Amino acid sequence: MLDLEQLTADVCRIATAAGHFLKEERKNFRRESVIEKCTHDYVSYVDKESERRLVTELSALLPEAGFIAEEGSATYNDEPYCWVIDPLDGTTNYIHDNAPYCVSIALRSRDELLLGVVYEVCRDECFYAWKGGKAWLNGEPLHISDIDDVTNAFLIVELPYNDAAYKQIAMHLLDDLYGKAGAIRMNGSAAAAICYVAAGRFDGWLEAFIGKWDYSAAALIVLEAGGEVTDFYGSRDFMEGHHIIATNGHLHTYLQDLVKEVRF
C-alpha cells in the first residue's frame, strides 16, 4: 500500500530541484541549442537533462513504476504504476524567457491518477495533490472559483500546434467568447494553466492535441480542489485522452457545448 501523502512530499522535493535546474540553466541559455520536433514544437538539451534527472530520482523512489515521459528517455511496460512526466512544460516560453514554465509529475495506476505535482518555476509555486488528500499550493489549501456566469469568467483558451485540424474550433471559440467572457488569456503552459484553475485564478481552460504529460498532474490537482475535468466529449475517463477541459465545474457544460458545435 503506497503512502501517497509521503510520496507526494518526496515528489515535491524532486520537482522543485528540477525546477531550480531549469532556472539556473536559463541564465546562460542559447537558442542555438533548440531543436524543432515538429512545426513550432521545440526541445532542447535542458528538457532532456531535466527528464534524465527526474527519471533517475523517481526510479529510486518507486522502482516498480514505469514511465510515460515527453522526451522518451524511459518507457512504460504495463508496470502496476506509471510516472507521467513533463520535464519542461512551456518550452516555447522558456526559450523566449517568458513565464510560466513548469515541471509536471503525476503517478497513476492502471486505472486512476494517484498523485500530481506541478512546480511553476517563475513564481516558485509548488502545486500538489494526492487522491483523497485535497489540493495544495506551498502548504496552503487550494479551492476553485465560484464564478458561474460566463460574462464574469476569466478563461484560458490555448491554440495547439495542430493548427490545420484545430483552426475551425479555435475561431469558433474566440468568436463566441470574445466580448462575452469576462476575459480570455493564453499562457503557453497547460500544466500551469490547469493549476491556475485549481487555485481559482482562472475559471476554465481547454486545449486539444496535448499529451498525458501536459495535463495528468494538474488534472488531479483540479479534481482535488473541487473542480471538474473531462475530455471534450464529457467523459471523466480522460487519462488516455488528448482533448481536455478543466473548469470550476460551473462553466463546464458551457465550454463543452461550445466545442461540440464544431467537429474536427
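None of these values were measured; they are calculated from a predicted model.

## Regarding the UniProt feature "binding site: Mg(2+)" (unreviewed entry) in the chain
- When the UniProt feature table is mapped to this numbering, "binding site: Mg(2+)" (unreviewed entry) covers Glu70, Asp86, Leu88, Asp89 and Asp214. Taken together, the annotated residues stretch across 145 residues yet fold into one region, lying no more than 9.5 Å apart by C-alpha.
- Relative to the helices and strands, aspartate 86 is located in strand E4 (residues 81-89).
- By the element assignment, leucine 88 lies in strand E4.
- Not counting residues up to four positions away in its chain, the partners in contact with leucine 88 are Leu22, Val46, Asp47, Glu70, Tyr94, Tyr101 and Cys102.

## Concerning the sheet that holds strand E3 (residues 65-69)
- Pairing within the open sheet is mixed, and its 7 strands lie in the order E3-E4-E5-E6-E7-E8-E9. Across the chains shown, the open sheet's two edge strands, defined by having one partner strand only, are E3 and strand E9 (140-141).
- Strand contacts of helix H2 (residues 45-61): E3, E4 and strand E5 (102-109), with the helix running at about 150° to E4, the strand carrying the most contacts.
- Relative to the sheet, helix H6 (residues 212-224) contacts E3, E4, E5, strand E6 (113-120), strand E7 (125-130) and strand E8 (135-137), its axis offset from that of E6 by approximately 105°.

## Side note on the pairing of E3
- Across the 5 residues that make up E3, a large majority, 5, are buried.
- Neither face of E3 is exposed, since Ala65, Phe67 and Ala69 on one face and Gly66 and Ile68 on the opposite face are all buried.
- Looking at chain direction, E3 and E4 are connected through 5 bridges and run parallel. Bridging across to E4, alanine 65 finds its partner in tyrosine 81.

## Observations regarding the packing of helix H5 (residues 190-198) against H6
- Running from N to C, H5 and H6 point in directions that differ by 5°, and their axes come no closer than 8 Å. On the basis of the axis angle, H5 is roughly parallel to H6. Seen from H5, the contacting residues are Ala190, Ala191, Ile194, Cys195, Val197 and Ala198; seen from H6, they are Asp214, Tyr215, Ala218, Ala219, Ile221 and Val222.
- Residues belonging to the contact of H5 with H6 are distributed by class as follows: 11 nonpolar, no polar and 1 charged.

## Remarks on the sheet that holds strand E11 (residues 183-185)
- Reading across the sheet, the 5 strands line up as E11-E10-E12-E14-E13 and stay open at both edges, with mixed pairing between neighbours. Each edge of the open sheet is held by one strand with a lone partner, namely E11 and strand E13 (228-231). Looking at each pair of strands side by side, their axes are set apart by 15° on average, direction ignored.
- Pairing of strand E12 (residues 204-207) with strand E14 (residues 244-247), which is carried by 4 bridges, proceeds in the antiparallel orientation. Following the sheet pairing, glycine 204 is matched in E14 by threonine 247.
- In the packing of H6 onto the sheet, the strands contacted are E13 and E14, and the crossing angle to E13 comes to about 135°.

## Side note on the packing of aromatic side chains
- Using the criterion set out here, one finds 7 aromatic pairs in the structure.
- Taking 4.6 Å as the distance between ring centres and 25° as the angle between the ring planes, the aromatic pair formed by phenylalanine 154 and phenylalanine 202 counts as stacked. Of this pair, phenylalanine 154 sits in strand E10 (residues 154-157) while phenylalanine 202 is found in the loop between H5 and E12, placing the two residues 48 residues apart along the sequence.
- Judged by its relative accessible area of 8%, phenylalanine 202 is buried.
- Three or more aromatic residues joined by ring pairs make a cluster, and in this case those are Phe127, Phe154, Tyr196 and Phe202.
- One cation-aromatic arrangement involves arginine 26 over tyrosine 94; the distance from NZ or CZ to the ring centre is 5.7 Å.
- Residue placement shows arginine 53 over the ring face of phenylalanine 21; its charged tip is 4.1 Å from the ring centre.

Each value, and the rule that gives it
- Residues numbered from 1 in each chain as written.
- Predicted model: local features only at pLDDT ≥ 70, side-chain atom pairs only at ≥ 80, totals over all residues.
- Heavy atoms only, no water.
- UniProt positions renumbered as here; feature names shortened; annotations may be inferred.
- Helix = DSSP H or I, 4+ residues; strand = E, 2+ residues; numbered from the N terminus.
- Contact = heavy atoms within 4.5 Å.
- Pairing = 2+ DSSP bridges.
- Axes fitted to C-alpha atoms, helices over the stretch in contact; angles between N-to-C directions.
- Buried < 20%, exposed > 50% of the residue type's maximum accessible area, 1.4 Å probe, protein only.
- Parallel < 35°, antiparallel > 145°, perpendicular 65-115°, else oblique.
- Nonpolar A, V, L, I, M, F, W, Y, C, P; charged D, E, K, R; others polar.
- Phe/Tyr/Trp six-rings, centres within 6.5 Å; stacked < 30°, edge-to-face > 60°.
- Lys NZ or Arg CZ within 6 Å of the ring centre and 35° of its normal.

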